[in-house]
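# Residue-level structural notes
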Amino acid sequence: MADYAKPLPEITAESKPFWDACARHELLVQKCRACGTVQYYPRGVCAACWSADVEWTPSAGRGRVYTFTVTYRTQARGFRDELPYVLAWIELEEGVQVMSNIVAVDPAKVAVGLPVRVTFDDVKEGFSIPKFTAA
Amino acid sequence: MATKTLRDKYCIVGVGETEYSRGSGRTTRAMAVEAVRKAILDAGLRASDVDGMLDYQGGDSTFAPHVAPDLGIRLNFYMDVVGGGSSTEALVGLAMGAIETGMCNTVAIYRSMNGYSEFRIGGTGARAAQPVRGMDLAQVPFGMRSAGQTFAFTFMRHMHEYGTTSEQVAHVKVAHSKHASQNPKAVQKERVTVQDVVGSRWIVKPLHLLDCCLETDNATCLIVTSAERARDLRARPIYVMGVAGRVSKPRVDFHWAHGPISRVAGYYAKDIVFGQAGIRPEDVHVTGSYDAFTFTTMLQLEEYGFCKKGEGGAYVSSGIIELGGKRPNNTSGGHLCEGYTHGMSMVIENVRQLRGTVDDTCPGAAEGKHTHDYSVGKCRQVKDAEITMNLGWAMPATGSALIMRR
């Protein structure tokens, strides 16, 4: 955990509640109080109706693989030691898509439509990254 | 609503380029100066005739205020634009706009990059030192840094929805390698087979090594001026019929969530560019569809209506896009084989196709005399090419287009 070599995100005012929740192993999405639209990733306004009255709401963390790739060559720091790895867009039950890795699944077994659930990678003290694995 | 158009009022009058290499041993400044100088000479102009300059880059090149002085050019207009693919066509439109307003008369557009020896795609070389910002939450912590990783989701989904295969899109590389074998400038001149492509190693599944373009050191330049000015210049004027610049899907980021994911920006650009030109896809003789990867060519040809949506795989594997076929694509070999220039080389190639002076090995090439023998090492001039179309790609969600005629 101490020598985590992969890049960490720059936490912004809009994304801080998301990362704070990840540290508690909760996956949050934004929901507009004015029009009900659910959105991911965090923004300062509802992109559908421009309302600034956007609240954080928990996601069940379940969904399906919408599309994916398997990386065999990369120079990305920390990732070149884990080749091959899977990048995927996961369609959550709440109707939004999130970007993540599919972990603990043979890359050859990943397919469009695969049911997945969230799991958290505790990368350092107070910081966890949401990943997905077979449900 | 009627489309506003400047059809046939502006021309490309000069083109220039440096060697396509993997190790230029020069600065982007020196290369840019060479490409701009060659384009000015190609047009039969002098430094004092050029008073506008546009360039595009991503923190990897030299700005116009350092290129113009090396050539003794005094500028009435210049702008350095951030961007890669899709910029060429967009900047042709901006140049036309700058001239139309009276800000300047003649614009040089250049792109200069050491895309192999200095700034490589995917965060190697000098780019590795650049800070991690932007879509951090969505991409970088999960190991997504390269264009192949970003774009290939769309191809994977296209395969899922339409049954498109790796073998079908491999034909794009096969066709472009055929074209590059007639191009003395090409970095990779060997013809390849479908089996060579699908048998090459994975880079980002579903992309094999030979599905990916060739990182290259190179500079390129186009000169844009009014049709009126173009009439008494050296080269045959090539007229701009229509242009669309960086047209985007409803969301540029997270475009898949406002999809469909397998739809690309040409879906929105086609009405603008065909509307201005007053033609339809079947009127186009040669295409230059951006081939950062084999499948980007396929997706764009499909979206602009050269075939039906979902039938791009069948279209690119039918022989239509090869020299000798009905509508050849990227006759220079494109980014997959000639070299990667962020789009400008494919516009240069189409200008030469329309002039009839493609620089192949035909003995009379410079005078426009071609054999139209498309066997290895011979001709790459398309017979009687009158209308060409360039399809510029920044990413699935953003693209540009340019229709030209002779």
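This write-up is about the structure you can find in this document.

Reading the values: rules and limits
Residues numbered from 1 in each chain as written. Chains lettered and ligands numbered in written order. Predicted model: local features only at pLDDT ≥ 70, side-chain atom pairs only at ≥ 80, totals over all residues. Heavy atoms only, no water. Buried < 20%, exposed > 50% of the residue type's maximum accessible area, 1.4 Å probe, protein only. Helix = DSSP H or I, 4+ residues; strand = E, 2+ residues; numbered from the N terminus. Arc of directions from axis to C-beta. Contact = heavy atoms within 4.5 Å. Core = buried A, V, L, I, M, F, W, Y, C linked by side-chain atoms within 4.5 Å. Phe/Tyr/Trp six-rings, centres within 6.5 Å; stacked < 30°, edge-to-face > 60°. Pairing = 2+ DSSP bridges. Axes fitted to C-alpha atoms, helices over the stretch in contact; angles between N-to-C directions.

### Remarks on helix H1 (residues 16-23) of chain A
All names here are of chain A. Those residues of H1 not exposed but buried are Phe18, Trp19, Ala21 and Cys22. Buried residues of H1, seen end-on, are gathered within an arc of 160° and therefore sit on one face of the element. Where the residues of H1 are buried, they touch strand E1 (28-32), strand E3 (54-58), strand E7 (115-124) and strand E8 (127-134). The positive-phi residue at the C-terminal boundary of H1 is His25, with phi of around 60°.

### Some thoughts on the nonpolar core
Counting residues in each nonpolar core, the largest one holds 48 residues, and the members touching the most others are B:Phe274, B:Phe295, B:Tyr304, B:Phe306, B:Met389 and B:Ile403. With sequence-adjacent residues up to four places away left out, B:Phe295 is seen in contact with B:Phe151, B:Ala152, B:Phe155, B:Val169 and B:Leu207. A:Leu27, A:Tyr66, A:Val70 and A:Leu87 belong to the second-largest nonpolar core, a separate cluster that totals 42 residues.

### Remarks on unusual backbone geometry
Cis geometry is found at the peptide bond from A:Tyr40 to A:Tyr41, where omega equals 10°. Assignment of secondary structure puts A:Tyr41 in the loop between strand E2 (38-39) and E3. Put simply, B:Gly259 and B:Pro260 share a cis peptide bond, and its omega is 0°. Within the chain, B:Asp8 stands out as a residue other than glycine whose phi angle is a positive 65°. With respect to the helices, strands and loops of the structure, B:Asp8 is situated in the segment before strand E1 (10-17). Despite not being glycine, B:Phe254 shows a phi value in the positive range, around 55°. As for its position among the elements, B:Phe254 is in the loop between strand E10 (238-248) and helix H8 (266-277).

### Some details on the packing of aromatic side chains
Evaluated as defined, the whole model comprises 18 aromatic pairs over all chains. With 5.8 Å between their ring centres and 65° between their planes, A:Phe18 and A:Tyr40 make a pair best called edge-to-face. Placement of the pair is A:Phe18 in helix H1 and A:Tyr40 in the loop between E2 and E3, with a sequence separation of 22 residues. Here A:Trp89 and B:Phe254 contribute two aromatic rings whose centre-to-centre distance is 5.2 Å and whose plane-to-plane angle is 75°, an arrangement assigned as edge-to-face. Of this pair, A:Trp89 sits in strand E5 (residues 85-92) while B:Phe254 sits in the loop between E10 and H8, which puts the two residues in different chains. Each member of the pair, A:Trp89 as well as B:Phe254, carries the same accessibility label: buried.

### Considerations on the sheet that holds strand E9 (residues 217-226) of chain B
Residue and element names in this part refer to chain B. One open sheet accounts for nine strands, arranged E3-E2-E4-E9-E1-E10-E13-E12-E11; its pairing is mixed. The two strands at the open ends of the sheet, each matched to only one other strand, are strand E3 (77-82) and strand E11 (286-289). Strand-to-strand twist in this sheet, taken as the mean axis angle between neighbours without regard to direction, amounts to 20°. Bridge count between E11 and strand E12 (residues 387-395): four bridges; the pairing is parallel. Across the sheet, Gly288 pairs through a bridge with Asn390, a residue of E12.

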